[in-house]
Every structure is written in structure tokens, then in C-alpha cells.
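Structural description and commentary
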Amino acid sequence: MMSRQEVGFQPRWDKATFVDQLMANEKYYHIHHPFNVRMQDGSLTPDQIRGWVANRFYYQISIPQKDAAILANCPDRETRRRWLLRIQDHDGCDGNAGGIEAWTRLGEAVGIPRSELWSLKHVLPGVRFAVDAYVNFARQAPWQEGVCSSLTELFAPKIHKDRLASWPKNYPWIEAEGLHYFRSRIPLAQRDVEHGLQVTLAYFQGREQQERALEILRFKLNVLWSMMDAIDLAYGGGNE
Ligand SMILES: O=C(O)c1cc(C(=O)O)c2c(n1)C(=O)C(=O)c1cc(C(=O)O)[nH]c1-2
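Residues numbered from 1 in each chain as written. Predicted model: local features only at pLDDT ≥ 70, side-chain atom pairs only at ≥ 80, totals over all residues. Heavy atoms only, no water.

As annotated in an unreviewed UniProt entry, the protein chain carries the name Pyrroloquinoline-quinone synthase and comes from Massilia eburnea. Here the protein chain is described in UniProt, under the heading Sequence similarities (unreviewed entry), as follows: "Belongs to the PqqC family." Its UniProt record gives the protein chain the following Pathway (unreviewed entry) comment, quoted word for word: "Cofactor biosynthesis; pyrroloquinoline quinone biosynthesis." (UniProt positions renumbered as here; feature names shortened; annotations may be inferred.)

If you want it as C-alpha cells, here you go:
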């Protein structure tokens, strides 16, 4: 008789190992993309920064639609209550102008007028494809897989902190007030991943399922990486 090993049986990871496996994907995060590395070390020109801000805006305005798709697929009231906060974080609600507005201020701080940013005229085809793939994934996948795909936020606080630490000295021409978006996201990303991990650990139980979660995370990492590739190609960050 064949042993379990020979038929490909793999034992499920315990929670700590599963989380370690998710965290190990940090090496694919767009923080390591050459364009981001140059943004961080201060070598981008104002036009290159503007190109990134104008294109990332498409991600910002799509996130609430992505979150609404997850909400629409989720039959659990308790989860919906918590998930709704994500939409409000970005769209705003009473007393909170929201993340999309904060990104608009960032746009103004780098020299992109509001109407130009909102026209989406600078959004590149590759960025559109990547972001739309993320929204479509959330529409079509089981809601728990949609939740899992948001787990790139595990790695986001560091990228926001890096920008807050380096932009004022590297890009003094950007008004400091424009960096508010990055500051605002640090506690929100931490809250989001706590919930995202809770759902992921509860849903992806067997080893095959756990491996599926890693695949979903990789898909999302690739969305972010592809956005950077498209931006890098168009704005020439790598060609100097
Ligand atoms: O600036 C970044 O590099 C970055 C990355 C990510 C991410 O890792 O998906 C998000 C954000 N920012 C962000 O600001 C944000 O609100 C956000 C929501 C989500 C998500 O998947 O639901 N990711 C991210």
C-alpha cells in the first residue's frame, strides 16, 4: 500500500506555521519593486512621482467597489458590519472625509489638480487591467477568498511608514499635509489584517486549502507588482 507521503498527503499547518507561510510572501511585495525602491531612495523626478500618484488613484477608487463585492457575497451579518467600515474608510462618512479625499489632497500636494486626477486620463492600460482583475476576483470568488486577497495589507504599514520617514527629506517640494493619507492608513491596515487573518485562519483549514490561500495572496501581490511594472515602463523610472 502506498504511504500517505507517496499519494501526496501533506499535513495541515498549525496556525503559527500558516501565518509564517503567509508572511514569507513579503518578498514579493511591491515594496521591493525597483520603481518603489527608487521612490524610497529619493531618485524619482516630480513627473515620476505624479505618474505614480495619478495611477495609484485608480486603485484607491476601486477598493470600495472591491469591498462592496465582498460584502455582497457575504451572508454573515457580523462580518458585513465589520467589513462596511472599510468602505467608509475610503469613501468617507459623517465627520470623515475618507481615503479617496486624502489621496486627492496628496495629488494636489504633488501638483495634480483635483479635476485632472479624477478624470483618470493618466491611468495606464496595465494599471487598469491589474486593478480590474482584483475587483473581478472579489466579485467572483467565495467571500472568504476575497477577504484573503486583502492580506497584502499585512505588509502595508511598513511601506506607509517608509514614505512618511523619507519623503519630507527626499521630496521637500511636496507639501507635508499631502502625506496625511499614509499616516491614516497605518492603524486602519493593522485593524483590517486582524480581521482578515481571523477569517482566513477559520476558513482555510486543510493543507490544500491553506495552499490555496497562499495562491490567492500571490495573485494579489502580482496585482500590485503589475501596477508598478506598468508605471515603471511608462514613466521611465528605470531608464536613467
Ligand atoms: O500604498 C500601498 O502600498 C498600499 C498597499 C495596499 C495593499 O497592500 O494592498 C493597500 C494600500 N496601500 C492602501 O492604502 C489601502 O487602503 C489598501 C486596501 C487594500 C485592500 O486590499 O483591501 N490594500 C491596500
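Let us look at helix H4 (residues 77–91). Within an α-helix, residues lying three or four positions from one another point in the same direction, as the helix has 3.6 residues per turn. Under the 1.5 Å per step criterion, the end-to-end length of H4 is 21 Å for 15 residues, consistent within 8% with the ideal 21 Å. For H4, the full list of buried residues reads Thr79, Trp83, Arg86, Ile87, Asp89 and His90. Looking straight down H4, one finds that the buried residues subtend no more than 155° of arc, so they occupy a single side. Each element contacted by the buried residues of H4 is listed here: helix H3 (46–73), helix H5 (99–110), helix H8 (143–149) and helix H10 (180–203). (Helix = DSSP H or I, 4+ residues; strand = E, 2+ residues; numbered from the N terminus. Expected span 1.5 Å × (residues − 1). Buried < 20%, exposed > 50% of the residue type's maximum accessible area, 1.4 Å probe, protein only. Arc of directions from axis to C-beta. Contact = heavy atoms within 4.5 Å.)

Glancing now at the layout of surface pockets. If a probe the size of a water molecule is rolled over the atoms, the empty space left behind becomes visible. Looking at the largest pocket, its volume works out to about 190 Å³. Together, 13 residues line the largest pocket, and Gly98, Gly99, Ala102, His180 and Ser184 are the ones closest to its centre. If you list the elements that add at least two residues to the lining of the largest pocket, you get H5 and H10. Class assignment of the residues belonging to the lining of the largest pocket gives a composition of 3 nonpolar, 5 polar and 5 charged. (1 Å grid on protein atoms, 1.4 Å probe; cavity = no way out; pocket = protein on both sides within 12 Å on 5 of 7 lines; lining within 4 Å. Points joined across faces, edges and corners; volume = space filled by probe spheres on them. Nonpolar A, V, L, I, M, F, W, Y, C, P; charged D, E, K, R; others polar.)

Looking at the secondary structure, you find His160 in helix H9 (residues 156–170). You can call His160 buried: its relative accessible area is 6%. Excluding its chain neighbours within four sequence positions, the residues that come into contact with His160 are Tyr181, Phe182, Arg185 and Ile186.

Here we take up H3. The first and last C-alpha atoms of H3 sit 41 Å apart over 28 residues, in line with the 40 Å expected at 1.5 Å per residue. The largest bend along H3 measures about 30° and falls at Ser62, with the proline Pro64 one to four residues further on. In terms of burial, H3 is largely enclosed, as 20 of its 28 residues are buried. (Bend = angle between axes of the 7 residues up to and from the residue.)

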